[in-house]
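Residue strings, one per chain:
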Amino acid sequence: MTMRPIRIIGDPVLRTPCEPVTSFDADLRALVADLMDTLLGAPGRAGVAAPQIGVSAQVFVYDADGHRGHMINPTLELSEELQDDDEGCLSIPGLYFPTPRAMHATAHGFDQHGEPLTISGSGFLARALQHETDHLQGRLYVDTLRGETRRRALREIRAGRFDSPSRRR
């Protein structure tokens with residue numbers, strides 16, 4: 001089991017759009033395994049994207065609403081219907097804010113062997129698919145916040161009011 005440390009806000013890899021995966025090889029399968037080990041290595045995690053472990057590749061894993069898997073080079077189709085529940089991020093530990101997301105999402109991409117893959121979900125699974133795909137584009141959930149919620153989130157981040165690095169794993 002290879003549980004990798006999670007990169008925390010301020011690390012440039014989290015703000016850099018990832019490269020598309022072009023080689024579906026043993027290195028990619030090892031990355032997917034490391035991501036899944038990192039996801040399942042601590043309770044309460046719904047997803048981990050490659051940049052969160054320092055790798056600039058369009059790959060994420062998820063475990064949400066009874067669905068577990070991985071997605072490579074995802075594109076999303078989103079519903080117009082919205083949900084507005086609290087959202088958090090392993091890269092901004094301990095902070096949660098109401099975050100608007102599409103209620104339904106369908107992700108199209110590939111599995112680790114290069115086979116086409118589609119996953120559809122509503123509610124929490126849809127939120128997780130959107131959250132992890134955002135990571136691959138260099139975005140964090142706080143980037144979607146507006147108004148007073150965004151101001152409060154940014155104040156708390158600047159003040160360092162998130163969990164200490166020792167609680168990242």
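Everything numeric in this text was worked out from a predicted model, so none of it was measured.

## Thoughts on the UniProt feature "binding site: Fe cation" (unreviewed entry) in the chain
In step 1: Following the UniProt record, the feature "binding site: Fe cation" (unreviewed entry) maps to C89, H131 and H135 here. The named residues occupy 47 residues along the chain; their greatest pairwise C-alpha distance, 10.1 Å, places them in one compact cluster.
In step 2: Inspection of the secondary structure assignment puts H131 in helix α2 (residues 123–136).
In step 3: Each residue touching H131, except ones within four places of it in the same chain, is listed here: E87, G88, C89, R101 and Y141.
In step 4: Among the secondary structure elements, H135 is positioned in helix α2.
In step 5: Among residues more than four places away in sequence, those in contact with H135 are C18, A49, P51, Q52, C89, S91 and L140.

## Describing the packing of aromatic side chains
In step 1: Considering all chains together, one arrives at two aromatic pairs under this definition.
In step 2: Aromatic side chains F24 and F110 sit 6.0 Å apart centroid to centroid with 65° between the ring planes, which places their arrangement in the edge-to-face category. Of the two residues, F24 is situated in the segment before α1 (26–40) and F110 in strand β6 (residues 104–110); the sequence distance between them amounts to 86 residues.

## Re helix α3 (residues 147–158)
In step 1: Over its 12 residues, α3 extends 17 Å from the first C-alpha to the last, a length consistent with the 16 Å expected when each residue adds 1.5 Å.
In step 2: Those residues of α3 that sit buried are A153, E156 and I157. Buried residues of α3, seen end-on, are gathered within an arc of 100° and therefore sit on one face of the element.
In step 3: Phi turns positive, to about 70°, at G160, one or two residues after α3.

## Regarding the UniProt feature "active site" (unreviewed entry) in the chain
In step 1: According to UniProt, the "active site" (unreviewed entry) feature falls on E132.
In step 2: On the secondary structure map, E132 appears in helix α2.
In step 3: The class of E132 is buried, set by a relative accessible area of 4%.

Reading the values: the criteria
- Residues numbered from 1 in each chain as written.
- Predicted model: local features only at pLDDT ≥ 70, side-chain atom pairs only at ≥ 80, totals over all residues.
- Heavy atoms only, no water.
- UniProt positions renumbered as here; feature names shortened; annotations may be inferred.
- Helix = DSSP H or I, 4+ residues; strand = E, 2+ residues; numbered from the N terminus.
- Contact = heavy atoms within 4.5 Å.
- Phe/Tyr/Trp six-rings, centres within 6.5 Å; stacked < 30°, edge-to-face > 60°.
- Expected span 1.5 Å × (residues − 1).
- Buried < 20%, exposed > 50% of the residue type's maximum accessible area, 1.4 Å probe, protein only.
- Arc of directions from axis to C-beta.

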